[in-house]
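Working through the structure, step by step
Chain residues, written in single-letter form:
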Amino acid sequence: MKLQPMDERVQRFLLRHFRSPVYRWEAVQDPRAARGKRWPLAVLLQAAVLGMLAACRTLRDVEALTEEMKETGRALVPRRVSDSTLYDLFPRLDRKSVV
């Protein structure tokens, strides 16, 4: 059995689990107006979940995490997500559709 580096195992784990049907981002109602959307809702939610998995304590930490991601993270979140974007989104999300 060939052992893989820890980073590669973690990356494969994340990609496998984020593509599973457990994360049904399309079921979440998008509270934002149609005009001016720069991010798909699924990408913002994936950035938030990755931040929780990485023990980010603030939205600024999530922003720093998305800025420092390597190729596996870029498959889930293509570029840096601003903390103010997440700050504006979260209070407006419908709690029932997220759970």
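Before reading further, recall that the structure is shown in the block above.
Here's a quick rundown of the structure. Being a predicted model, the structure only gives us computed values, none of them experimental.

Now for the packing of helix α2 (residues 41–53) against helix α3 (residues 59–68). Their axes nearest at 9 Å, the elements α2 and α3 cross at an angle of 100 degrees. Classified by the angle between their axes, α2 and α3 sit roughly perpendicular to one another. Across the interface between the two elements, Ala47, Leu50 and Gly51 of α2 pack against Val62, Leu65 and Thr66 of α3. The residue makeup of the contact of α2 with α3, split by class, is four nonpolar, two polar and no charged.

The subject of this paragraph is the nonpolar core. In terms of nonpolar packing, the biggest core is built from 21 residues, with Phe18, Leu50, Val77 and Val81 touching the most fellow members. Counting residues per element, this core draws most heavily on α2, at seven residues.

Taking 1.5 Å per residue, 13 residues should reach 18 Å; α2 reaches 19 Å between its end C-alpha atoms and fits that length. Burial runs high along α2: ten of the 13 residues are buried. Within α2, burial applies to Leu41, Val43, Leu44, Leu45, Gln46, Ala47, Ala48, Val49, Leu50 and Gly51. Positive phi appears at Ala55, one or two residues downstream of α2, with a value of about 65 degrees.

Quick look at the packing of aromatic side chains now. Counted under the stated rule, the structure contains zero aromatic pairs. Between Arg79 and the ring centre of Trp39, over which it is positioned, the NZ or CZ distance is 4.2 Å.

The subject of this paragraph is the pattern of salt bridges. For the structure on display, the rule yields four salt bridges. The shortest N-O distance in the salt bridge between Asp30 and Arg32 comes to 2.9 Å. The partner of Asp83 in a salt bridge is Arg60, and the shortest N-O contact between them spans 3.2 Å. In this pair, Asp83 is assigned in helix α5 (residues 83–89) and Arg60 in helix α3, connecting sequence segments 23 residues apart. Residue Arg60 is classed as exposed on the basis of its relative accessible area of 56%.

Here is what the cut-offs are and how they apply
Residues numbered from 1 in each chain as written. Predicted model: local features only at pLDDT ≥ 70, side-chain atom pairs only at ≥ 80, totals over all residues. Heavy atoms only, no water. Axes fitted to C-alpha atoms, helices over the stretch in contact; angles between N-to-C directions. Helix = DSSP H or I, 4+ residues; strand = E, 2+ residues; numbered from the N terminus. Parallel < 35°, antiparallel > 145°, perpendicular 65-115°, else oblique. Contact = heavy atoms within 4.5 Å. Nonpolar A, V, L, I, M, F, W, Y, C, P; charged D, E, K, R; others polar. Core = buried A, V, L, I, M, F, W, Y, C linked by side-chain atoms within 4.5 Å. Buried < 20%, exposed > 50% of the residue type's maximum accessible area, 1.4 Å probe, protein only. Expected span 1.5 Å × (residues − 1). Phe/Tyr/Trp six-rings, centres within 6.5 Å; stacked < 30°, edge-to-face > 60°. Lys NZ or Arg CZ within 6 Å of the ring centre and 35° of its normal. Salt bridge = Lys/Arg side-chain N within 4 Å of Asp/Glu carboxyl O.

Function cannot be inferred from these measures alone, as they are strictly geometric.
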